[in-house]
Every structure is written in structure tokens, then in C-alpha cells.
Amino acid sequence: MNQMLQKHFLSQVDVEDLLKEYGSPLYVYDEKTLRERVKEMVNLLPYPWFGASCSIKANSNLFLLEILKEEGMDADAMSPGEIYLLEKAGFDGSRIFYICNNVSAEEMKYALDRGILISVDSLSQLEMLGRINRGGEVALRFNPGTGAGHHEKVITAGAGTKFGIQENMIEDTKAIAKKYGLRIVGINQHIGSLFLDGKPFIDSVKALLRIAAQFDNLEFVDLGGGFGIPYRRFHGEKHLDLQELRNELAPLLLDFRKQYGGGLKFKIEPGRYPFAECGAILGTVHAVKTNYGTEYIGTDIGFNVLMRPMLYDSYHEIVAFRNNKIIEARDEEKVTIVGNICETGDILARDRYMPPLQEGDVLGVLDAGAYGYVMSSNYNQRLRPAEVLITLNGDIRLIRRRDTLEDLLVGFRF
Ligand SMILES: *Cc1c(COP(=O)(O)O)cnc(C)c1O
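This text gives an overview of the structure that appears in the document.

Criteria and thresholds
- Residues numbered from 1 in each chain as written.
- Predicted model: local features only at pLDDT ≥ 70, side-chain atom pairs only at ≥ 80, totals over all residues.
- Heavy atoms only, no water.
- Buried < 20%, exposed > 50% of the residue type's maximum accessible area, 1.4 Å probe, protein only.
- Helix = DSSP H or I, 4+ residues; strand = E, 2+ residues; numbered from the N terminus.
- Arc of directions from axis to C-beta.
- Contact = heavy atoms within 4.5 Å.
- Phe/Tyr/Trp six-rings, centres within 6.5 Å; stacked < 30°, edge-to-face > 60°.

Let us now look at helix α2 (residues 15–22). Every buried residue of α2 is accounted for by V15, E16, L18, L19 and Y22. Buried positions in α2, seen along its axis, are confined to an arc of 160° and lie on one side of it. Exposed residues pointing more than 90 degrees away from the buried face of α2 are listed as K20 and E21. The inward-facing, buried residues of α2 abut β1 (26–30), β11 (279–291), β13 (318–322), β17 (362–365), β18 (386–390) and β19 (396–400). A positive phi of about 90° marks G23, the residue just after α2.

According to the stated counting rule, one finds 12 aromatic pairs in the structure shown. With a centroid separation of 6.2 Å and an interplanar angle of 15°, the aromatic rings of Y27 and Y29 are classed as stacked. An identical accessibility class is assigned to Y27 and Y29; each is buried. For the pair F97 and F220, a centre-to-centre distance of 5.4 Å together with 90° between the ring planes defines the contact as edge-to-face. In this pair, F97 is assigned in strand β4 (residues 96–99) and F220 in strand β9 (residues 220–222), connecting sequence segments 123 residues apart.

The residue after S24, namely P25, is reached through a cis peptide bond having omega 0°. Along the chain, P25 turns up in the loop between α2 and β1. Positive phi, normally seen in glycine, also occurs at D367, with a value near 55°. Along the polypeptide, D367 turns up in the loop between β17 and β18. One non-glycine residue, Y371, adopts positive backbone phi at about 55°.

Structure (C-alpha cells):
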């Protein structure tokens, strides 16, 4: 573990000093890692007609969004709040794609007023958009009938999921579009989250291309996100093989473009991939106890700080530090690492082998940059942590301050 961590950005900072300065727990991001991962997605295929849009539900920190923009990524939004933040980060409407699901006409109008293209995912929402945007443009989200993902809750296509339009409703979409003079300019899909093997993705791309062929004059086909990262990095889990993915994807898209004609564009919409590895959470051990044979490590990293383990049974590698140094991993003990929230389910890691820990030790939860802070909350009226960025030249920059007790009153001031 020690060796594997040597290249990790956490081994390049004094973790205890960071917590002293910014409070514990703390989200730490690494600019270099973020830029690398963003570039990998933007350049997945080296063609001018290929691009990547980030699904910013995975991380909506304004400063990180600015970096994405600089690196040439566009963005997908799923709510007016995300659109609002993207605008603040300097994205103009032409670089934002609103992929919505069961929204009101007012929400659609919010996007339209900003020149943002909307993707609808039901006939009913297509009708709604038609009524308020006659003669406009629209994209359609299809459900290709198969999904993929690391947990039932994150599979977003196939029978039994709420997303997308079924392939056998293509004629209905055309009829509704015709009724309102809507131009169908793009189609998109998202089959699910966190694949490390490209096969289900490639299968879904084939399915989407089959659907695309049934529309004339599309301007783009959006293949979705779900690109996984190796959360079990200390256990031999391998990075997604981008070269292999490229080799499979490129001929499919090149062939299709040739047949389809026009200036058809393709894009992907990763959310986790750019962000996950560039972020970690630091927290503090406050208690060590044994309850009926289970050894518990009590920390300040509750599910209000990181929801994924409780919500999806997710696994994150965890590293321990003492006096700013990684604790040598001899004689590991099996422990259950928990937070400080008053719920039994508040478990960060169950039956995990860790070096002997004591009060005051610092834990680093790796790969927490995606679906981390965005899902944090004030549950138990705890303060959400600060976020800091390790910049390219190694400086630490505060990119979101920690909540204050005063912040808990914001909603009551009217
Ligand atoms: C969440 C989401 C994504 C991103 O998923 P990741 O697994 O984080 O890559 C992309 N597209 C849509 C429509 C989504 O809802």
C-alpha cells in the first residue's frame, strides 16, 4: 500500500497541517490529476467531430469547473442549479446540454432562455417542450434496453429503469416533433455508471447507432458516461483500458459517419472519470473501541461527508497517517471504520485491514472526488467540510470554505 501511495498526491502534502489549517474533515483535490483525466476524456478519439461533456452532478465546485472549461470540456446539467453554476464558471449556453428527467415547463424555459439545448426522455416531456418551444430544437434520450453499472441503483437503462424513450417509440417522437415543428438534432443515452470493461458500453453504442440511423439530419449522437475508475486500486484493480476502448469505438463511429453523411458529431458524457481520482477526504480518528468483538475506529467522516459507502455499498481505499507520515502497514488489524452520525448504518468501511490506529491519527479516503462533496449534507446539523486544491505548482488553495454554524440559519432568514 505504501509503495502504491508514493505517486498519490496525498503523499506530497502534510496532512495534519492541512487539517489544522482548514478543519477536519477536509476534501483535498489535485489539479494535475484532474487535468490529466479531463484530457484523457476530451482526447479519447482524436477527431474534430468528437468531444466530451462533463456531467457535473459528480462534482460542482466552481473552481474545478473552471479547470474543465479551460481544458476544452463542455458540460451537461441536470438541474437549473447546475446550469446556474456552469454559467458562473463561464460556460455559455452553447457549451451546456440540459439532460432532464421529469421537469416542469418552467425549468425547461430556464434552459431555453439561456440558449441551452434540452434532451427530453419521454413522449410526455417532448409534448411539454413542444408546447413552449414551437419550431425549436430538441434532443431525445433513448433507453437502449440494456444497462450496466456497479450497483442496481446506478444502472440507468434497460427494463426496470425510469430513464429514456424506448426504441419502439421512435415514430411517436417524430409525430410529436412534427406537430410542434421541433427539429430533432441529437440523440443521447446513458446506460449506467462505473464500467471498467468497455464491452457493455460498446454494445450500447451499437444499439444507439441503430436508433440514430432511423433519424434524418441529426447533428450529434451522445454516447453517455459511466467510465469507471479502479476504486480497489490496492487490490489489483486496473484502470479502464482507454486504448482498447479507442480501438473498438473508432471504427464503429467512423463507419457510421461515412454512411450517415453530413457533419455528424459524437460525444461522451463522463461524470465520475474526470473527478474521482483527483479527490480525497482527510479525517481524524477520535475513538477506538471494541463492541462485542468488533473493533471500531470512530472518525469524523460520517455519511454526511461521504455518502457512497452507505448508499451503494461502495469501497474506497483508506490510508492512515501519523505525524504527517503514512503508518507502516505491518501487523494489520481487522476493523470497522465508522463516522460520527447517530445512525447504525454510518459505516465508511466494514472489516477493513488497517495498521493499529489510535486517537489523533489521520485517515485519507481515496478516490472521493466524484459523488463526494456533492452528496454531502448538514444531516445531524454537521458542518460540511472545506475543499482545497493542490495547484500545479504545489500551493494549497482554498476552493470552498467550511460551513459555519451561521450557515445553518440561512434558510430561516426571510
Ligand atoms: C450521471 C450521468 C452521467 C455521468 O455518469 P458517470 O458514471 O459519473 O460517468 C452521464 N450522463 C447522464 C445522463 C447521467 O445521468
